[in-house]
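# Chains, contacts and geometry: an overview
So you can see what is in the structure, the chains are spelled out below.
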Amino acid sequence: MKIKKILNRDRIDTMLSAVYDYPLTILEAPMGYGKTTAVKKFIEKKGLHTFWFTFSDFSNSETAFWDSFSNDIIKIDAQAGTILKSLGLPTDAPQMGKVLQTLDAVEFDGTFLMVLDDYHLAGDIRLNRLFLRLAQEELDGFSILLITRDTTGLDFIELLSKGQCCLLPKQLLQFTQDELQDYCRMMLKDITDTDQQMIWQYTDGWISFAYIILLGLDSGIPIGMSSNLENMIERALFARYDEKTQDFLLRLSVMEDFTAEQAAFVTQQKDAQQLLKRLDMENAFIYYEEKTGIYKIHTVLQNFLRIKRQLSEDELQNLYGRLGDWMMNQQDLLAAYSYLNRAGRSEDILVHLNNPKNIRNDWLDFEGADELFCRLPRELLFQYPFAYLLNMFYSILLGKENEILGWNERLDELEKYYKNVEGLEETDRNRVLGEILIVRKFTRFNDVAAMCASDAEILRLLNGQNSYITLQGNEFTFASPHYLYLYYRDKGSFRKLADLLSQDVGYAKFSGGCGAGSDALTLAEYALETGDLKNVASHCHKAIARAEVMAQTGVVICAKFSLIRLRLMEGKVSEVLHLLTKLEHYVEKMNNAIYNTTIDLCKGYVFACLDQPEQIPAWLQTGEIKAADFYDQGIAFNYIVYGKTLIALGKYDELEIQIEQFEAYFSVFSNRLGLIHNRIFEAIARCRLYGLEDGAAVLLTTLDEAQADSLVLPFAENARHIMGMLKIIVQENPGNAFFNHILMLCRKYESAVMGLSHPVATLSRREIKILSLAALGLSRKEIAKRLCIAEGTVKTHFKNIYQKLGVNSKIAAIKIARNRGYLSVTEN
């Protein structure tokens, strides 16, 4: 019998046509039910523009997905694809908003289908959030099809209830008795009715099992001789091949997919290309995609081969090692390290990572990286100090704990070894000792005295050379628009901190210029917070000039943010808005997720001060924020902005609830400015909810706390909200010069911004109706039908709504519209 045949099933094609009607379709069935084959056949018939990605069992396949998807979008819209690639897979609300906005601007041709095969292997929760949000947004001409064995963890019930998702269960994929009868006759013309009936009873429409039974029947193996699928594959399929082909198949099973050249390299089978062509012709479980030049083994056969192969540990590791070598030659370093790790070639990974040319933080995220560095003998790790230090540095920045030994203890061990090891060139010894001191700095994060204490010694040890670990392109301000905020911890220490950080402490000298301009920035921020307004601008301009030379975007943003706050204090609001717009355009050109978040924090802060909450980025208005780590939303600076946003929105009940949580976040790194702001928020909330006296009591304690460091600007920037309380406090403490100074600044600030609130852009009745229908779950097509207008008109209305509300997605528009009272909260 001819082995490779596919039965045309119009019923399945009709079923899969749901992808046209829903933004998200989920095809769920166990392995062997023909999910992938059915979809491929459907796409072939319909001629869809398809982005297809198959997830593997590697933990970093999400990175590969995003890179592949961005490259596919580049073919449609080069600018959009480049932006997506720079942004990366979205991790938070601001990044998600930018991704949605970018994709919404792409002109899809109406037949673009994103197919995600073996989605059950995608373990990153960020993917779930992304696909659910994409479905909610209903991008024109863009549909998603998830092919999976399991929907656990995919919270699609709300989408299903709103008609934005279609679930196709295995029952729809199962061959009916008539279809199975046609398939049996197609495969074996002389098959008896009795055998057909028995196959139906045995398989219940499970096509892979039926295929194997038919192979066996054709080879003289009666139905029922093998009790399970594995036995049937062994007898009916695998045993048909000669020993050479069997061995080739077993070796191939270490790969998810492969080219003929890759298969030859990994298996060391010289005639691999001829073998693969024959297997593709004869075996429905091995197939070739001409468009990509890639072969793939069906999951059913793959599982069998992995159970069947009884290769020795050495043989298996050799295969993984050759696969790692192949990936290394292709410069797919994450995959290369992952396979080399499986191969037990830990030292090869260390050798490659230890080369300064290969040092990049994002290459440490390979499968099993943390376990590898934990399990390897430290004596071995000592031989590759830069790889070892890079792992520690990366782990510290991500807040990872070491279960076996703390980072400081590991650094102590490494330092002791390199101080005492014999036969080492002094230059090499000093290089390692200097890098150890650099990594140790980050174990003492935001204890500035401890962090800076070793800078002179680092400079001496590195002898004018740049660090291998901390590079010029590393993030310096961790998404915070305020540099001193990161390091100001203790009452009465602000002046001393500013003096220390404004000195030439050397960090930029051994990191290739990372942090250049931060000395002048320190002086600018200190002057601003303490009300020395005449000295702010000059320091800001110095910081910007020095930072721009060394491409230190974080420092530039902080300096420009200080300049904006200064102009706001001076009442130059038109200049404030101009500077803010210029800063936003400056950051947008970089397509950097961290800096995009930082500029949103700047905007949120400024418009909250101006009492224009409608101009605050939507994710801050709706509270889509999360606990911060080094790289998240400014190490809790986001909570300052969120608190100010709640005040601007008049949500004092919610603010009071959030205050305790804010304090917990600010306390992680003892961010004193955050704690001061939070106490001001508490005073405002209590004043609004319980009266002036209650609020004034809290504000008085906050003023006492701030007086030790002459902090004035946090109070001035809340002038309109604290003025009544402040007057009571000054009346009761007439001789307190600090309190009087703050009252004077608050009056000045209030006068500067009074009456500047712009009228909120209002939605038209038609726009409100469209958004209300969207909130009920209606698609654009359904809205158009309900209102008797064209779909294009609905899309235009949505664009106008987004512009008026200052948002970049439908979900954000609905949330903001509810906040402003356009929609009832029950419309969900």
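Residues numbered from 1 in each chain as written. Predicted model: local features only at pLDDT ≥ 70, side-chain atom pairs only at ≥ 80, totals over all residues. Heavy atoms only, no water.

Each helix and strand in the protein was counted, giving 46 helices and 8 strands. The C-alpha atoms of the protein give 32 Å as radius of gyration, which agrees with the globular expectation for 828 residues (28 Å, within 12%). Seen through its C-alpha atoms, the protein measures out along the principal axes to roughly 105 × 85 × 40 Å. Split into buried and exposed, the 828 residues of the protein put 57% on the buried side. In the protein, of all internal contacts separated by at least 6 residues, the share reaching a separation of at least 24 is 68%. (Helix = DSSP H or I, 4+ residues; strand = E, 2+ residues; numbered from the N terminus. Rg over C-alpha atoms; globule rule 2.2 N^0.38 Å. Buried < 20%, exposed > 50% of the residue type's maximum accessible area, 1.4 Å probe, protein only. Contact = heavy atoms within 4.5 Å.)

Moving on to the packing of aromatic side chains. Each aromatic ring pair is summarised here by two numbers: the centre-to-centre distance and the angle between the ring planes. Counting across every chain of the model gives 47 aromatic pairs. Between Phe55 and Phe65, the aromatic rings sit 5.9 Å apart at their centres with planes inclined by 35 degrees, giving tilted as the arrangement. Of this pair, Phe55 sits in the loop between β2 (49-54) and α3 (61-76) while Phe65 sits in helix α3, and the two are 10 residues apart along the sequence. Residue classification places Phe65 among the buried residues on the basis of a relative accessible area of 0%. With a centroid separation of 6.3 Å and 55 degrees between ring planes, the pair formed by Phe738 and Phe739 is classed as tilted. By relative accessible area, which is 11% here, Phe738 ends up buried. Among the residues examined, Phe739 registers a relative accessible area of 1% and is labelled buried. Following the ring pairs from residue to residue traces out a cluster consisting of Phe51, Phe53, Phe55, Phe65, Trp66, Phe69, Tyr119 and Phe131. One cation-aromatic arrangement involves Lys40 over Trp52; the distance from NZ or CZ to the ring centre is 4.2 Å. When the ring centre of Phe265 is taken as reference, the NZ or CZ atom of Arg322 above it lies at 4.4 Å. (Phe/Tyr/Trp six-rings, centres within 6.5 Å; stacked < 30°, edge-to-face > 60°. Lys NZ or Arg CZ within 6 Å of the ring centre and 35° of its normal.)

In any sheet, the strands associate via hydrogen bonds between backbone groups, in a parallel or an antiparallel arrangement. On the basis of which strands lie adjacent, the open sheet formed by 3 strands has the order β6-β8-β7 and antiparallel pairing. Each having just a single partner strand, β6 (257-258) and β7 (286-289) make up the two edges of the open sheet. Sheet topology places β6 next to strand β8 (residues 294-297); 2 bridges connect them, and they run antiparallel. Bridge pairing in β8 places Phe258 opposite Tyr295. Set on the sheet, helix α15 (residues 272-282) makes contact with β6, β7 and β8; between it and β7 the angle comes to about 110 degrees. (Pairing = 2+ DSSP bridges. Axes fitted to C-alpha atoms, helices over the stretch in contact; angles between N-to-C directions.)

As a further point, take the pairing of strand β1 (residues 24-28). With 4 of its 5 residues buried, β1 lies for the most part within the structure. Relative to strand β4 (residues 142-148), β1 is paired through 5 bridges, and the arrangement is parallel. Across the sheet, Thr25 pairs through a bridge with Leu145, a residue of β4. Here β1 runs beside strand β5 (residues 165-168); their pairing, made up of 4 bridges, is parallel. Bridging across to β5, Leu24 finds its partner in Cys165.

One way to put it is that helix α33 (residues 573-588) packs onto helix α34 (residues 593-609) with a least axis distance of 10 Å and a crossing angle of 165 degrees. By the criterion of interaxial angle, the relationship of α33 to α34 is roughly antiparallel. Classified by chirality, the crossing of α34 by α33 is left-handed. Facing α33, whose interface residues are Val576, Leu577, Leu580, Leu583, Glu584 and Val587, α34 presents Tyr595, Asn596, Ile599, Cys602, Lys603, Val606 and Phe607. Within the contact of α33 with α34, the residues separate by chemical class into 10 nonpolar, 1 polar and 2 charged. (Parallel < 35°, antiparallel > 145°, perpendicular 65-115°, else oblique. Left-handed = near helix turned anticlockwise from the far one by under 90°. Nonpolar A, V, L, I, M, F, W, Y, C, P; charged D, E, K, R; others polar.)

This part covers the environment of Ile294. Its location among the elements puts Ile294 in strand β8. Ile294 gets classed as partly exposed once you look at its relative accessible area, which sits at 27%. Those residues in contact with Ile294 that lie beyond four places of it in its chain are Asp257, Phe258, Thr259, Tyr287, Tyr288 and Glu289.

By the bridge criterion, 4 bridges tie β7 to β8 in an arrangement that is antiparallel. When the bridges of β8 are listed, Tyr287 appears paired with Lys296. Taken together, β7 and the strand that follows it, β8, pair antiparallel across an intervening segment of 4 residues, in which Gly293 is found at a positive phi of about 75 degrees.

Spatially, 5 strands are ordered β2-β3-β4-β1-β5 in an open sheet, and the strand pairing comes out parallel. The strands lining the two open edges of the sheet, one partner per strand, are β2 and β5. Pairwise comparison of adjacent strand axes, ignoring direction, gives a mean angle of 15 degrees for this sheet. Most of the contacts of helix α6 (residues 125-137) go to β4, to which it runs at about 140 degrees, and overall it touches β1, β3 (112-117) and β4.

What follows concerns the side chain of His797. You can see His797 is positioned in helix α45 (residues 791-805). Given a relative accessible area of 17%, His797 falls into the buried group. If near-sequence neighbours (up to four positions away) are discounted, His797 is found in contact with Arg766, Glu767 and Ile770.

A separate point is the pattern of salt bridges. Enumeration according to the criterion identifies 47 salt bridges in this entry. The partner of Arg251 in a salt bridge is Asp247, and the shortest N-O contact between them spans 3.0 Å. Here the residue Arg251 and the residue Asp247 both occupy positions in helix α13 (residues 243-252), the gap between them amounting to 4 residues, near one helical turn. What makes Asp247 partly exposed here is its relative accessible area of 29%. As a salt-bridge pair, Arg686 and Asp694 come within 3.2 Å of each other at their nearest N and O atoms. (Salt bridge = Lys/Arg side-chain N within 4 Å of Asp/Glu carboxyl O.)

Moving on, we get to unusual backbone geometry. A positive phi angle, near 75 degrees, is found at Ala479, a position not held by glycine. Positionally, Ala479 belongs in the loop between α26 (455-462) and α27 (483-487). Owing to a relative accessible area of 1%, Ala479 belongs among the buried residues under this scheme. The phi dihedral of Ala636 is positive, around 80 degrees, even though this residue is not glycine.

Formed by 216 residues in total, the largest nonpolar core has its most connected members in Ile199, Ile212, Leu301, Leu353, Tyr487 and Leu703. Per element, the largest residue contribution to this core is 11 residues, and it comes from helix α32 (residues 553-569). With near-sequence residues (within four places) excluded, Leu703 lies in contact with Phe715, Leu726, Ile729, Phe738, Phe739 and Ile742. Listed in part, the 40 residues of the second largest apolar core include Leu84, Phe142, Ile144 and Leu154. (Core = buried A, V, L, I, M, F, W, Y, C linked by side-chain atoms within 4.5 Å.)

Moving on, we get to helix α19 (residues 346-354). For α19, the full list of buried residues reads Ser346, Ile349, Leu350, His352, Leu353 and Asn354. Considering only its buried residues, α19 is in contact with α17 (313-329), α18 (333-342), α20 (369-375), α21 (378-381) and α22 (385-397).

One pass over the full model with this rule turns up 0 disulfides. A disulfide-free cysteine, Cys452 has its sulfur positioned 13 Å from the sulfur of Cys514, the nearest such atom. For Cys452, a relative accessible area of 16% translates into the label buried. Here Cys602 stays free of any disulfide, with the sulfur of Cys558 as its closest cysteine sulfur at 7.5 Å. We classify Cys602 as buried; its relative accessible area is 0%. (Disulfide = S-S within 2.5 Å.)

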